[in-house]
Structure formats: structure tokens, C-alpha cells
Amino acid sequence: MSASTTEVATSAARPFDVATGRAHDRSPKERAFRVMLLACLAVGIFFLGVLLTRVLVDGWSRLDSQLFTEQASAILPETAGAQAAILGSIYLMGLTAMFCLPTGVLAAIYLEEYADPTKRVNRLIELNIQNLAAVPSVVYGILGLGILARGFGFGFGLITGALTLSLLVLPVIIIASREAIRAVPDSIRQGSLALGATRWQTVQRQVLPAAVPGIATGSILALSRAIGEAAPLVILGVAAFVPFNPESLTDPFTALPIVIYRSASEPSADFRILSSAIIVVLLAVLLLMNTAAILIRNRFQKRW
Amino acid sequence: MNLSTTRRGFAPAVAVASIALVLAACGSGDPVTSGNDPIETSEPTETSANGGGTTTPPPEDGPAELSGTIKVDGSSTVFPLTSVAAELFRQEHPDVRIPVGESGTGGGFEKFCVGETAISDASRPIDPEEAKICKKNDVTYDEFSIANDGITVVVNPAVDFVSCITTDELQKIWDKGSEVDSWNDVNPDWPDEEISLYGPGTDSGTFDFFTEAINGEEGISRTDYQSSENDNVIVQGVSGDENAMGYFGYSYYAENQDSLKALEVDGGEGCVAPAPETVQGGEYSPLGRQLFIYPSQAELQKPEVQAFVEFYIQNIDSVVEKAGFIPLNEQQKQELEQKFQQLTSG
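Residues numbered from 1 in each chain as written. Chains lettered and ligands numbered in written order. Predicted model: local features only at pLDDT ≥ 70, side-chain atom pairs only at ≥ 80, totals over all residues. Heavy atoms only, no water.

## Re the overall build of chain A
Right, on to step 1. In terms of helices and strands, chain A carries 14 helices and zero strands.
Right, on to step 2. Counting from the amino terminus, helix and strand elements in chain A follow one another as α-α-α-α-α-α-α-α-α-α-α-α-α-α.
Right, on to step 3. Out of the 304 residues in chain A, the part that is buried amounts to 46%.
Right, on to step 4. Carbon together with sulfur atoms contributes 68% to the accessible area of chain A, which is approximately 14700 Å² in total.
Right, on to step 5. On chain A, the mean spot of the 24 positive side-chain charges and the mean spot of the 19 negative ones are 11 Å from each other. (Helix = DSSP H or I, 4+ residues; strand = E, 2+ residues; numbered from the N terminus. Buried < 20%, exposed > 50% of the residue type's maximum accessible area, 1.4 Å probe, protein only. Areas by Shrake-Rupley, 256 points an atom, 1.4 Å probe, with all protein chains shown as cover. Lys, Arg positive; Asp, Glu negative; His and termini not counted. Charge placed at Lys NZ, Arg CZ, Asp CG, Glu CD.)

## Section: the packing of helix H8 (residues 167-174) of chain B against helix H10 (residues 205-215) of chain B
All names here are of chain B.
Right, on to step 1. Remark: H8 packs on H10, axes separated minimally by 9 Å, with the N-to-C direction vectors making an angle of 115°. Residues Thr 167, Leu 170, Gln 171 and Trp 174 of H8 pack against Phe 210, Ile 214 and Asn 215 of H10.
Right, on to step 2. Looking at side-chain class alone, the contact of H8 with H10 contains four nonpolar, three polar and no charged residues. (Axes fitted to C-alpha atoms, helices over the stretch in contact; angles between N-to-C directions. Contact = heavy atoms within 4.5 Å. Nonpolar A, V, L, I, M, F, W, Y, C, P; charged D, E, K, R; others polar.)

## Concerning the packing of aromatic side chains
All names here are of chain B.
Right, on to step 1. Tallied over the entire structure, the rule returns 20 aromatic pairs over all chains.
Right, on to step 2. On the numbers, 5.3 Å between centres and 65° between planes, the contact of Phe 89 with Phe 308 is edge-to-face. One end of the pair, Phe 89, is in helix H5 (residues 79-92); the other, Phe 308, is in helix H15 (residues 303-314), with 219 residues separating them in the sequence.
Right, on to step 3. Under the relative-accessibility criterion, Phe 89 is labelled buried at 1%.
Right, on to step 4. The class of Phe 308 is buried, set by a relative accessible area of 0%.
Right, on to step 5. Aromatic rings pair up to connect Phe 109, Phe 112, Tyr 141, Phe 292 and Tyr 294 into one cluster.
Right, on to step 6. Between the NZ or CZ atom of Arg 289 and the centre of the ring of Phe 209, over which it lies, the distance is 6.0 Å.
Right, on to step 7. For Lys 339, the ring lying beneath its charged end belongs to Phe 144, and the centroid distance is 5.9 Å. (Phe/Tyr/Trp six-rings, centres within 6.5 Å; stacked < 30°, edge-to-face > 60°. Lys NZ or Arg CZ within 6 Å of the ring centre and 35° of its normal.)

## Considerations on the sheet that holds strand S8 (residues 196-200) of chain B
Residues and elements named next belong to chain B.
Right, on to step 1. Ordered in space as S9-S8-S10-S6-S11, the five strands form an open sheet in which the pairing is mixed. Either end of the sheet is taken by a strand with one partner, and the two such strands are strand S9 (226-228) and strand S11 (261-262).
Right, on to step 2. Bridging between S8 and S9 involves three bridges; their strand directions are parallel. From the neighbouring strand, Tyr 198 faces S9, where its bridge partner is Gln 226.
Right, on to step 3. Those strands touched by H10 are strand S6 (152-155), S8 and strand S10 (244-248), and its axis lies near 110° from that of S10.
Right, on to step 4. Packing against the sheet, helix H11 (residues 231-239) makes contact with S6, S8, S9 and S10, and its axis sits at approximately 155° to S10. (Pairing = 2+ DSSP bridges.)

## Observations regarding the domain arrangement of chain A
Residue and element names in this part refer to chain A.
Right, on to step 1. Considered domain by domain, chain A is made up of domain 1 (2-62) and domain 2 (66-300).
Right, on to step 2. Each side of the interface is counted separately: domain 1 has eight residues, and domain 2 has 15 residues.
Right, on to step 3. Applying the counting rule to domain 1 against domain 2 returns zero salt bridges.
Right, on to step 4. Summed over the shared surface of domain 1 and domain 2, the number is three residue pairs in polar contact (both at pLDDT 80 or more).
Right, on to step 5. When residues of the side of domain 1 that touches domain 2 are assigned to their parent elements, the largest contribution, five residues, is made by helix H4 (residues 28-59).
Right, on to step 6. Looking at side-chain class alone, the side of domain 1 that touches domain 2 contains three nonpolar, two polar and three charged residues. (Domains from an automatic or database assignment. Salt bridge = Lys/Arg side-chain N within 4 Å of Asp/Glu carboxyl O. Polar contact = N/O pair within 3.5 Å; in protein donor to acceptor, adjacent residues only side chain to side chain.)

Here you go:
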């Protein structure tokens, strides 16, 4: 809840300042609770700090432009880059977003606005989606390998990787979008319907725009999860040494987590430095995506 | 609560995001662009002016420009060799694309035997079960032995009471159900100090080979040791623990000689230290092994695949040296070349 508390503080008075007497804040129990909350926050920040410092210190000497302009090298790790992996991850994200955003949001709209929650089928679907969100990512890798790559014959290119990651994050996106849609007050819908709008018009002009911040935040965080996933790609057999950029949907490709994993297990220290540098790149991409999520949320936030 | 219902579901996630953001802001500006400053870049550029360029001879123009994609997958031990070969080959034939994977020897054959890859890397010969699947799918192949490797048994340098270990002692330590807890349990002359063990995980070809050579059956091993698929974790474990023992491929020892001590191994004919010469000569037994590539015969019909395998074999010495492995001896090299010639002429 800490985020929403600070968030509110910027626009209005802290709810606690208004609602509670100051006297209660001074009771030892109240203080102990505060200290506990701060300690929990500190644990998270501490470990994130340690991780960031370590990869920055280790990878500092390789955080240069060559990382982006050069291809992987097995011979000269000192000057090798990770262009194919960076591009691969970006394409992978773009395709994944293309596949899973429309599907996920439309599924959420159906479940929230159209489906009859008392029907068994719908309850079953709902339960399944919630369970799917908790399935380990390796399982999706096996699914991608068995059904997409071999069964449907999509091969081992970008498209299979992106579809596999789409399946992985789809339940998360559906759940997040549903939450966002559900949070739009019913009075808005009723007002729109009362004015003669059809159901679809109501969804399209009232509900969806109001739910955009929630949907976008949830989707971007889900995609951030996808970009850091190595397990399903490992199962798909994504190659670790790919010194060329993918040019089509079926081209072999590689991605940042795979390259990090491989170079971290090389015997020579230069590869491990490279690995740290690539971790920093991956973290930077993740932070950018999270920033985008926050910006979108703040930009489109509506209050009723 | 009616103020922030929209946010309710995302509060934890957003909290993480904002913490990360704050940290990024105070954790040193923009690491990505700051690397551009001249002091940072000057050092790496010294080693090579134009990135991937090495001092290999200029390309000898082949008859026709080759192109295509050659998929390679398999052993993570052989991965460094094949990726070096692929990189050198690409300097001559930039249009041939060779992605190299590391699904493990078993995982590689699984793909190879259904025709999904052109070449399979292997740190052990193909086993009969795998060969059966290949046969079922009409995938025929050749086996080329390309390098030597010696599984190296290492201890922490602080372990000064032992420099040579017999295979029986190794078995006593590593066998399934072994109750060895201290060095003393292995050999009464050794001190009563706890022994901590580090080794590769069960998916590794190194594990398969070691268990077969020492414990007599592939996959049979005690399980209560620190295991990792990442050999660097084993290196760190052994070098940071005064009573530690572990095993992995020779190149990991070669890179970390300062912080590790390799044990000589006595397989019944005296103590032999793991070294390029002893592994090449076959004296480092039973832990010396060969590494293989398995090109598919159907794929070898393609000019680019044939050119790549030929290149790999002809430049095997420089490939092995650059990847930090133990080269083939003269006899092995001759056999390799003969085998390839027979194949292409016939």
C-alpha cells in the first residue's frame, strides 16, 4: 500500500493525518509497527542495491558503445557486443505485445462486461485463467516446444518464442485488465446505457478509456516479466551464440537472458564481465518499461 | 478506498517499480551512455581496432559465395569450440549464419535425431537409445572427435595433505550412498576435517562421464553435494572453502590455476596429473575424454555445411587453442582428416 499512500500525499492530505488523532501515532505499538514496515521496505531496497552495485562494478569496464554495435564473439570477449541479443529481446517484446495485448484485453472485456458470472462455464474459465497465471514458466516452454514449434511447425524462430512468451503472460494481462475494468464505477456504465449507448459503445467510449491506466500498467509489468524470462527460451533451444541479427520471423535468434546465462558460465573472466554488462542493459530496459508504466498511469489517471 | 480503486490491484507492483526507479536515479546517472567517454573505451579498443576482427589470414576466395543457416546445438562443453569455429568461418563467409545452442549433449541429440539441427555437439559418444531415434527418423550422421578434455579433480589449495588420489578413493567419496563426511573417512592418514563436495548437476555430460568412469555406471552418484550446472559456481565454491573438493572440465581449471589445486589421479598405473600432454597421450585415465561433433549426412550434402565442417576440421588446432581446450594428438588429427576425406570423396 505504500505506493498509493505516497501517491495520494502529493495531491491531497494524507488520509491518516485527517482520519486519526495524532495521539495514537505515539503509542509504542504504533511506532513498532512503523519500524517493522520500514524494515520490510529496507530489506527489498537493500538487496536490490547490492545487486545493482555488483553488476555495475563488475560490468563497468564493458558498458560501452561496443556492447550495442558489435556482435557476440567467442574469441574476443573483451570487445564483443550483444547486438543480436538486444535486438532479439526487443523484437521478442514487440511481437509478444502484439499477440497478447489485444487478446488479453478483449478476453478481459468479455469476462467483465459480457460474460454471465453465474454460469458454470464462465466460472470455470475464470478459475483456469487464475491457475494458468501461476504455472511455472518452464511448463510454457515445453508447451511452446511441443505444440508450437513441432506440432504446428512454426519452427524455432522469433515467432515461436514470441507466441510462447505471449501464452506465458496472457493470464497475467487478463487478470490485470479485468481488475482495471472492474474498477470503473458502475454509474458510468449505467449513465452511458441510459443515454442510449449500446453495450459496445459503452465499453469503447467509457469503460476502456477509464481503464487504460490499469490495463497499461498491468500489461507493461507482465511484459517486463517476459523479457527477463530465460527458462521457456532455454526449453525452446534458443541458441546462445548468434552473431547475426534476426531478419525474419522464422530466423534463429537469441535474447538477453540466454546470453547472460551463457556468458556467466564461461571459464574466462572476460565473459563474466561481459555478462554483468549485459545484465545492466537488461535492468535498464526493465527500468525503462516500468517508468513507462508509471508515466502512463499518471497521465491517464481519472478520478471519480 | 473509493479514491484509489483502480490502483488497488497494482499497488505492490508499482511499489517495486518506483523503488527501482529511485535506485536507478541515485545509482550513478546513466550507466549506458557514460560508457562512451574516451577513458572507458580506450582500453578495449587497444586489443583490437575493429571489434570482431582477428589476425586471421585474409579470406581465400571460395569458388562461389556460400550462404545459408547451419543450426548447431548440443553439449555446453563443446559450445565454446563450435562457437569459435563458427566465428572464424563467418569471417570468411559472412553470409553463412551459424547459431550455436547449448541444450546439453542429450538435449542436442534429441533435436538432431528429429532433423531440427544440422550438427550436434557432444561431450560423449551418442548412446544406443539416441541412435535408435536417429535411425527411426532416417537421420544418418558421422562422428568426428575434435578435441581432448580431462575431467579435473580439484581441491582447495589449503588441502596440502593430498596431491594424488586413486580412483578407488574417488569412488569411495562420490559413490551412491557414500558415507564419507571427513577426509579421514577416505584415508586414515588424512586429517579428521569435514570434506565439502562440489560437482556438476545431473544434466551435464561431465557428470555422466565422471560417474561412469569412477562409480562404474552412468548417473550413479551420491547426491548430497553442492551441485551446479554452472561450472564457475563450482570453481568459486572450491576456492572459497578450505576443505572442498570438486570436479569439472580441464578448461575451468586452466583458467583458475591460482585459486585451485588439481589432484593427480591414479587409475592403477601411478599418479598422473591432468595436463595437455597426459590427456593427449591417454595416460590421464580414466578421466580423459574426447569431445565430438556429429554432422548429419543429409546436411553435409549442402555446400555450406560441408564447407563449415571442412573448415572446422582443417583449423582444429587454432579453434581448440582459442577455446582453451586440449588439442588432438598427431594420430588423432590424422584420423580425423582421413575420416573426413573418405566421407567427402565417397
